[in-house]
Amino acid sequence: MRFPLFVAAVSRRSGLAPEPAAIISRAVLQTVVERMTGSAPADPTGYLPTELTDAVSPDGPTDFLRRVGERAGVDERTAAAGAAAVFATLRETVTVGEFQDMVARLSADSGGTEPIAG
């Protein structure tokens, strides 16, 4: 799926206008890529937009929405709505196996909580 179509789906799901939906989509996807484990920071599924493959080190899941909000310049509530829409769109965009692999590779925090799965 091309990024404009991905953003349109996120916009519909979240109720956000296309421009904020694109900003939040980038923030969520970049944060997900940063948190991936077991591989080089690159496109973990083969379907993410190419501009999101410059990830850095992973962080714990407790600050996921804070990081998304900071990246996107939005409050936590908007970040949460956008993140939910991004994950729902990802679930329809990639195969079940690819989505499960992506979720399984998200790093867990030191407290042993479950990874963010949307």
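Residues numbered from 1 in each chain as written. Predicted model: local features only at pLDDT ≥ 70, side-chain atom pairs only at ≥ 80, totals over all residues. Heavy atoms only, no water.

Caption draft 1: Molecular detail of the environment of Arg71. Along the chain, the position of Arg71 falls in helix α3 (residues 64-72). With relative accessibility at 30%, the residue Arg71 sits in the partly exposed group. For the pair formed by Arg71 and Ala27, sequence separation is 44 residues and the distance between their alpha carbons is 5.5 Å. Sequence-distant contacts of Arg71, that is, excluding residues within four places in its chain, are made with Ala27, Gln30, Thr31 and Glu34. (Helix = DSSP H or I, 4+ residues; strand = E, 2+ residues; numbered from the N terminus. Buried < 20%, exposed > 50% of the residue type's maximum accessible area, 1.4 Å probe, protein only. Contact = heavy atoms within 4.5 Å.)

Caption draft 2: Inspection of the nonpolar core at higher detail. The biggest cluster of nonpolar side chains holds 26 residues, and the ones touching the most others in it are Val28 and Leu90. Looking at which element gives the most residues to this core, the answer is helix α2 (residues 18-35), with 7 residues. (Core = buried A, V, L, I, M, F, W, Y, C linked by side-chain atoms within 4.5 Å.)

Caption draft 3: Fine view of the packing of helix α1 (residues 3-14) against helix α4 (residues 76-93). Two elements in contact, α1 and α4, have axes whose closest approach is 8 Å; the angle formed by their N-to-C orientations is 130 degrees. On the basis of their axis angle, the class for α1 and α4 is oblique. By crossing handedness, the relation of α1 to α4 is classed as right-handed. On α4, the residues that touch Phe6, Ala9, Val10, Arg13 and Ser14 of α1 are Ala81, Gly82, Ala85, Val86, Ala88, Thr89, Leu90, Glu92 and Thr93. Residue composition of the contact of α1 with α4, grouped by class: 8 nonpolar, 4 polar and 2 charged. (Axes fitted to C-alpha atoms, helices over the stretch in contact; angles between N-to-C directions. Parallel < 35°, antiparallel > 145°, perpendicular 65-115°, else oblique. Left-handed = near helix turned anticlockwise from the far one by under 90°. Nonpolar A, V, L, I, M, F, W, Y, C, P; charged D, E, K, R; others polar.)

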